[in-house]
Amino acid sequence: MKLYDVDDDGVKSILKAADFDNFFDVYLDGSGNYFFNLNSTLYIDVDKDQLPTYTCRHRSHWPLISYKIYGTTRYAWLLMKLNDVKAKDVFNAKDPGDIVYYIDPENLEQIIESINQMD
């Protein structure tokens, strides 16, 4: 079963987006550290000057930042893509005062739908 085979029962987009962290392969480097290859399958071309920003108030990892912005940890992968996080840095925390670019929640659904239509 693929994510887009889920019945349209009102939570379809949430279920689809929930598993997008599995959209990226996880690798083990020579030092025994796990990492995502975020550039392997998805490219986002956006003018960051047009995006809203979130300023970290506490030392935070990407799932927590996603929760602060979207009310769910499920979009950490998208935040990492938008903020050009390198594979070696996906598990590093952001420091207080760091700026994070994000997509306005109202526009997020359209982007998720576009990604879901990719085969």
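Residues numbered from 1 in each chain as written. Predicted model: local features only at pLDDT ≥ 70, side-chain atom pairs only at ≥ 80, totals over all residues. Heavy atoms only, no water.

1. Description of the overall build of the protein
Here is step 1: Of the regular secondary structure elements, the protein holds four helices and four strands.
Here is step 2: In the protein, the order of α-helices and β-strands from amino to carboxyl end is α-β-β-β-α-α-β-α.
Here is step 3: Expressed as a percentage of its 119 residues, the buried residues of the protein come to 32%.
Here is step 4: Considering only intrachain contacts with a sequence separation of at least 6, the fraction spanning at least 24 residues in the protein is 62%. (Helix = DSSP H or I, 4+ residues; strand = E, 2+ residues; numbered from the N terminus. Buried < 20%, exposed > 50% of the residue type's maximum accessible area, 1.4 Å probe, protein only. Contact = heavy atoms within 4.5 Å.)

2. Re the confidence of the model for the protein
Here is step 1: Looking at the protein as a whole, its pLDDT mean stands at 76, while 66% of the residues score no less than 70.
Here is step 2: Below a pLDDT of 50 lies the segment residues 1-18, which in the model reaches 19 contacts outside its immediate sequence neighbourhood of four places, other chains included. (pLDDT = per-residue confidence, 0-100.)

3. Some details on the pattern of salt bridges
Here is step 1: For the structure shown, the criterion picks out four salt bridges.
Here is step 2: Lys-88 is the salt-bridge partner of Asp-89, the closest N and O atoms lying 3.4 Å from each other.
Here is step 3: Judged by its relative accessible area of 24%, Asp-89 is partly exposed. (Salt bridge = Lys/Arg side-chain N within 4 Å of Asp/Glu carboxyl O.)

4. Some thoughts on the packing of aromatic side chains
Here is step 1: Scanning the entire structure with this criterion turns up two aromatic pairs.
Here is step 2: On the basis of an interplanar angle of 70 degrees and a centroid distance of 5.3 Å, the ring pair of Tyr-70 and Tyr-75 is categorised as edge-to-face.
Here is step 3: With relative accessibility at 12%, the residue Tyr-75 sits in the buried group.
Here is step 4: Seen in terms of ring centroids, Tyr-70 and Tyr-102 are 6.2 Å apart; in terms of plane orientation they differ by 90 degrees. Their pairing is edge-to-face. Taken together, the residues span a long stretch of sequence, with Tyr-70 in helix 2 (residues 62-70) and Tyr-102 in the loop between strand 4 (99-101) and helix 4 (105-116) at a distance of 32 residues. (Phe/Tyr/Trp six-rings, centres within 6.5 Å; stacked < 30°, edge-to-face > 60°.)

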